[in-house]
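What follows is the residue order along each chain.
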Amino acid sequence: GQNIDQPTEMTATEGAIVQINCTYQTSGFNGLFWYQQHAGEAPTFLSYNVLDGLEEKGRFSSFLSRSKGYSYLLLKELQMKDSASYLCAVSGGSYIPTFGRGTSLIVHP
Amino acid sequence: DAMVIQNPRYQVTQFGKPVTLSCSQTLNHNVMYWYQQKSSQAPKLLFHYYDKDFNNEADTPDNFQSRRPNTSFCFLDIRSPGLGDAAMYLCATSTDATGTLAKNIQYFGAGTRLSVL
């Protein structure tokens, strides 16, 4: 089985930087995904990590440490529109990702 | 634009009255998934199709069935909806991705929010 843990809620200020952590336990590993989900909408793909290290994509970066079962999503220069739920999903032995509960990020002025 | 489309966006049904949710895709992806998502919870995989091969999750109730008549369409049938089945239902697709370094990015539809009265 798989176990994915991420904080329930975080708040941050517009223009700031926020780091959302995800820890996981899986049997086998085929990659870790981050998705963004605005309230009442479908998740949209943000990033994918399968090797250790940092992947940068504009204001968003994602980090993975396979030995620690740990990832984080880093959001820079926060904007109000970044208020959303951020879902960590892990592919274990199969190619189908299992989702965490998501971290609700609230960005305030 | 290539996309995943779910109809309807909102569905209201009565307790015990069968309901069908639909999903179509123009991405020509091999894999289609159905997820159930309740408020503030993780999307829960109900089942998926790998081409025509149906894969049911062990804990998916028998009340939930699915059909995939062709590559583009997939349906979720709830035979006798209960109050506990009220949720957002998400359809997703992905390419045929296997192997250690293969991505399996999922593309989601906007979802159907089901209410059971």
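Treat the numbers as computed from the prediction; the structure is a model and nothing was measured. (Residues numbered from 1 in each chain as written. Chains lettered and ligands numbered in written order. Predicted model: local features only at pLDDT ≥ 70, side-chain atom pairs only at ≥ 80, totals over all residues. Heavy atoms only, no water.)

**Student:** Would you take a moment to explain the pattern of salt bridges for this structure?
**Tutor:** Any two side chains of opposite charge can pair, given that their charged atoms come close. Residues and elements named next belong to chain B. By the definition in use, this model includes five salt bridges over all chains. Among the salt bridges present, the one from K44 reaches D59, with a minimum N-O distance of 3.4 Å. Highlighted residues: K44 in strand 5 (residues 44-50) and D59 in the loop between strand 6 (53-56) and strand 7 (64-67), separated in sequence by 15 residues. Residue classification places K44 among the partly exposed positions, given a relative accessible area of 28%. Look at D59 and you get exposed, because its relative accessible area is 52%. (Salt bridge = Lys/Arg side-chain N within 4 Å of Asp/Glu carboxyl O. Helix = DSSP H or I, 4+ residues; strand = E, 2+ residues; numbered from the N terminus. Buried < 20%, exposed > 50% of the residue type's maximum accessible area, 1.4 Å probe, protein only.)

**Student:** Explain the environment of V4 of chain B to me, please; I cannot follow it from the model alone.
**Tutor:** Residues and elements named next belong to chain B. Structurally, V4 is set in strand 1 (residues 4-7). Linking V4 and L90, residues 86 residues apart in sequence, is a C-alpha distance of 10 Å. Setting aside residues no more than four positions away along its own chain, V4 makes contact with C23, S24, Q25, L27, C91, T93, Y107, F108 and G109. (Contact = heavy atoms within 4.5 Å.)

**Student:** Help me out: how do you make sense of the sheet that holds strand 3 (residues 18-25) of chain A in this one?
**Tutor:** Two modes of strand pairing occur in sheets, parallel and antiparallel, and in both the strands are linked by backbone hydrogen bonds. Residue and element names in this part refer to chain A. If you walk across this open sheet you meet the five strands as 1-3-8-7-6, and the pairing is antiparallel. Lying at the two open borders of the sheet, with one neighbouring strand each, are strand 1 (3-5) and strand 6 (53-57). Each strand axis lies, on average, 15° off the axis of its neighbour in the sheet, ignoring direction. As judged from the five bridges shared by strand 6 and strand 7 (residues 60-65), these two strands associate in the antiparallel manner. By the bridge assignment, L54 is partnered in strand 7 with F63. (Pairing = 2+ DSSP bridges. Axes fitted to C-alpha atoms, helices over the stretch in contact; angles between N-to-C directions.)

**Student:** Teacher, can you tell me more about the layout of surface pockets here?
**Tutor:** Rolled over the atoms, a probe sized like a water molecule indicates the empty space that remains. Here the largest pocket defines a volume of roughly 520 Å³. Every residue lining the largest pocket is counted, 24 residues in all, and those nearest its centre are Q37 and S85 of chain A together with Q37, S39 and S40 of chain B. In terms of residue count, strand 11 (residues 103-108) of chain A provides more of the lining of the largest pocket than any other element does, three residues in total. Broken down by class, the residue content of the lining of the largest pocket amounts to seven nonpolar, 13 polar and four charged. In this structure, the second largest pocket spans a volume of roughly 310 Å³. (1 Å grid on protein atoms, 1.4 Å probe; cavity = no way out; pocket = protein on both sides within 12 Å on 5 of 7 lines; lining within 4 Å. Points joined across faces, edges and corners; volume = space filled by probe spheres on them. Nonpolar A, V, L, I, M, F, W, Y, C, P; charged D, E, K, R; others polar.)

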